Amino acid sequence: MFDKLETLDDLLEMQLKDLYSAENQLVKALPQMASKAKDGRLRQGFETHLRETEKQVDRLEQIGETLGISLSGHTCKAMEGLIAEGQETMSERATDEVMDAALIAAAQRIEHYEISGYGTAAHFAERLGHQEIATLLQQTLNEEQHTDTKLNELAKNYINAKAE
């Protein structure tokens, strides 16, 4: 992707390209996860997060335009692996309740990856004086953290008990 990372600007660009690829992969994966979910609240959560993720892709495109860089042309291998792992889990024979618990586990792995990426990118943008970009990245970070919290609450207060 880069011949050489020489500056924090280069590293920010690399992080943004990775996040852009990750979010686009997730846009394709979330409908599968929603269709596999049996619990209505979980299905609705995946559908809501799909719409949110589409807005996050738009936000990243806006950031790319602001910085004058193209974010396409890179594949986030980590997200590719997380999604493949989730698809493998979805192909297992499981009770509805256990599958829902497994879907939450897979989704939380994805959320934690995104939280890490957005936190890092937001810090880089702020450090480089790109306050508007840092604010946009922080907005997405907040959304990802909120999604993780909702998944955690659903798992702990409801789904996992049903899967026992």
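Scoring rules and cut-offs
Positions within a chain are numbered from 1, following the residues in the order the chain's sequence is written. Given that the model is predicted, a residue must reach a pLDDT of at least 70 before its local features are reported, and side-chain atom pairs must reach 80 or more before they are shown or counted; all residues, however, enter totals for whole chains, interfaces and linings. The basis for every side-chain value is the complete set of non-hydrogen atoms in the structure, without hydrogens or water. Here a cavity is any set of points on a 1 Å grid over the protein atoms alone where a 1.4 Å probe fits but cannot get out, and a pocket is any open set with protein on both sides within 12 Å along at least 5 of 7 lines; a residue lines the site when it has an atom within 4 Å of a point. Grid points are joined across faces, edges and corners, and a volume is the space filled by probe spheres set on the points. Working definition: helices are DSSP H or I runs of at least four residues, strands are E runs of at least two. Numbering for both runs from the N terminus. We define a nonpolar core as any set of buried Ala, Val, Leu, Ile, Met, Phe, Trp, Tyr and Cys residues linked to one another through side-chain atoms lying within 4.5 Å. Only protein chains enter the accessibility calculation, which uses a 1.4 Å probe; a residue is then buried when its area is under 20% of its type maximum, exposed when over 50%, and partly exposed in between. Should any heavy atoms of two residues lie within 4.5 Å, those residues are considered in contact. Residues with no salt bridge and a relative accessible area higher than 30% make up the patches, which join like charges within 9 Å and nonpolar side chains (Val, Leu, Ile, Met, Phe, Trp, Tyr) within 5 Å. All accessible areas in this document rest on Shrake-Rupley with a 1.4 Å probe, and a residue is counted as covered only by the protein chains that are shown. In the sections that follow, a salt bridge refers to a side-chain nitrogen of Lys or Arg positioned within 4 Å of a carboxyl oxygen of Asp or Glu. Residues scored as positive are Lys and Arg, those scored as negative are Asp and Glu, and His as well as the terminal groups of each chain are ignored. Taken as the charge location is NZ of Lys, CZ of Arg, CG of Asp or CD of Glu. Take the residue count of a helix, subtract one, and multiply by 1.5 Å to get its expected span. In this context, the arc is that of the directions from the helix axis out to the C-beta atoms.

Chemist: Please provide a residue-by-residue account of empty space enclosed by the protein, values included.
Modeler: Throughout the structure, instances matching the rule amount to one cavity of 30 Å³ or more. Of the voids in this model, the largest cavity is the one considered here, and its volume is about 50 Å³. Looking at the largest cavity, the residues that line it are A29, M33, L82, I83, G86, Q87, M90, A106 and I110. When contributions to the lining of the largest cavity are tallied by element, the ones reaching two or more residues are α1 (8-36), α3 (77-90) and α4 (96-127). At five residues, the largest contribution of residues to the lining of the largest cavity is made by α3.

Chemist: Quick rundown of the nonpolar core? Include the residues and the values.
Modeler: In this structure, M33, L42, F46, L103 and I104 are the most contacted members of the largest nonpolar core, which totals 25 residues. Contributing elements (two or more residues each) for this core: α1, α2 (40-67), α3, α4 and α5 (131-163). Residues within four places of L42 in sequence aside, it is in contact with A37, D100, L103, I104, L151 and L154.

Chemist: Describe a negative patch on the surface, listing the residues and the values that go with them.
Modeler: Together, E54, D58, E61 and E65 give the surface a local cluster of negative charge. Mapping D58 onto the fold places it in helix α2. Among the residues examined, D58 registers a relative accessible area of 46% and is labelled partly exposed.

Chemist: Tell me about α3, residues and numbers included.
Modeler: Taking 1.5 Å of rise per residue, 14 residues should cover 20 Å, and α3 covers 20 Å from first to last C-alpha, within 8% of that figure. Of the positions making up α3, those classed as buried are M79, L82, I83, G86 and M90. Down the axis of α3, the sector holding all buried residues measures 95°, keeping them to one side. Exposed residues lying more than 90 degrees from the buried face of α3 are K77 and E88.

Chemist: I'd like a description of the layout of surface pockets, backed by residues and values.
Modeler: Looking at the largest pocket, its volume works out to about 230 Å³. Secondary structure elements with two or more residues in the lining of the largest pocket: α1, α2, α4 and α5. Counting residues per element, the lining of the largest pocket draws most heavily on α2, at seven residues.

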